[in-house]
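Residue-level structural notes
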Amino acid sequence: MSEVPQPVTDNSVKVRQLSHYQFSWIAGEPGKPGTYTLQLVLDQGAWEEILTLDPDDADNLQDLLANTETVHYDIDRRVLMFGVTKTGS
């Protein structure tokens, strides 16, 4: 059995479950495109992350988040993981 560094703290947990999310759009300079952001609230507020997105990514992520019941986020790798499937399914 591998040893787990003690104590286990909020900073030592690297993969968290997405609880809530909020998209935002920030206006750019006149004549320039704006910027989309996605705020992730993880483990009921134990951790938060803000991602900067291009319009295509924002659109695709909004679809995935609306249609996926369980989403996890790897903090170190900055990876959203969609869905959970039991082995053997």
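To be clear, the structure that these remarks concern was listed above.
Residues numbered from 1 in each chain as written. Predicted model: local features only at pLDDT ≥ 70, side-chain atom pairs only at ≥ 80, totals over all residues. Heavy atoms only, no water.

Along the backbone of the protein chain there are one helix and five strands. Along the protein chain, helices and strands appear, N-terminal first, in the series β-β-β-α-β-β. In summary, the protein chain has a C-alpha radius of gyration of 16 Å against a globular reference of 12 Å for 89 residues, an excess of more than 25%. Each of the three principal axes of the protein chain carries a C-alpha extent, and together these read 60 × 35 × 20 Å. (Helix = DSSP H or I, 4+ residues; strand = E, 2+ residues; numbered from the N terminus. Rg over C-alpha atoms; globule rule 2.2 N^0.38 Å.)

It is worth spelling out the sheet that holds strand β1 (residues 15-26) at this point. If you walk across this open sheet you meet the five strands as β3-β2-β1-β4-β5, and the pairing is antiparallel. Two strands bound the open sheet, and with one partner strand each, they are β3 (47-53) and β5 (79-82). Each strand of the sheet is rotated relative to its neighbour by a mean of 40 degrees, with strand direction disregarded. By the bridge criterion, three bridges tie β1 to strand β4 (residues 71-74) in an arrangement that is antiparallel. Across the sheet, the residue bridging to Arg 16 is Tyr 73, located in β4. Lying over the sheet, helix α1 (residues 55-67) contacts β1, β2 (35-42), β3, β4 and β5, oriented at roughly 135 degrees with respect to β1. (Pairing = 2+ DSSP bridges. Axes fitted to C-alpha atoms, helices over the stretch in contact; angles between N-to-C directions. Contact = heavy atoms within 4.5 Å.)

Among the nonpolar cores identified, the biggest contains 13 residues, and Leu 18, Leu 38, Leu 40, Leu 51, Leu 53, Tyr 73 and Leu 80 are the most heavily contacted of them. Where this core is concerned, the elements lending two or more residues are β2, β3, α1 and β4. Among residues more than four places away in sequence, those in contact with Leu 18 are Leu 40, Val 41, Leu 42, Leu 65, Val 71 and His 72. (Core = buried A, V, L, I, M, F, W, Y, C linked by side-chain atoms within 4.5 Å. Buried < 20%, exposed > 50% of the residue type's maximum accessible area, 1.4 Å probe, protein only.)

Our next topic: the pairing of β5. Where β4 and β5 come together, four bridges link them in antiparallel fashion. Among the inter-strand pairings, Asp 74 is bridged to a residue of β5, identified as Val 79.

We now examine the pattern of salt bridges. Using the criterion set out here, one finds four salt bridges in the structure. With its nearest N and O atoms 2.7 Å apart, the salt bridge here joins Arg 16 to Asp 43. Taken together, the residues span a long stretch of sequence, with Arg 16 in strand β1 and Asp 43 in the loop between β2 and β3 at a distance of 27 residues. Looking at Asp 43, the relative accessible area reads 31%, which means it is partly exposed. (Salt bridge = Lys/Arg side-chain N within 4 Å of Asp/Glu carboxyl O.)

Another point: the packing of aromatic side chains. Counting across every chain of the model gives one aromatic pair. The interplanar angle of 85 degrees and the centroid separation of 5.9 Å between the aromatic rings of Tyr 21 and Phe 23 together place this pair among those described as edge-to-face. (Phe/Tyr/Trp six-rings, centres within 6.5 Å; stacked < 30°, edge-to-face > 60°.)

Where like charges cluster on the molecular surface, the negative patch consists of Asp 54, Asp 56, Asp 57, Asp 59 and Asp 63. With respect to the element layout, Asp 57 can be found in helix α1. Residue classification places Asp 57 among the partly exposed residues on the basis of a relative accessible area of 38%. (Patch = residues over 30% accessible without salt bridge, like charges linked within 9 Å, V, L, I, M, F, W, Y side chains within 5 Å. Areas by Shrake-Rupley, 256 points an atom, 1.4 Å probe, with all protein chains shown as cover. Lys, Arg positive; Asp, Glu negative; His and termini not counted. Charge placed at Lys NZ, Arg CZ, Asp CG, Glu CD.)

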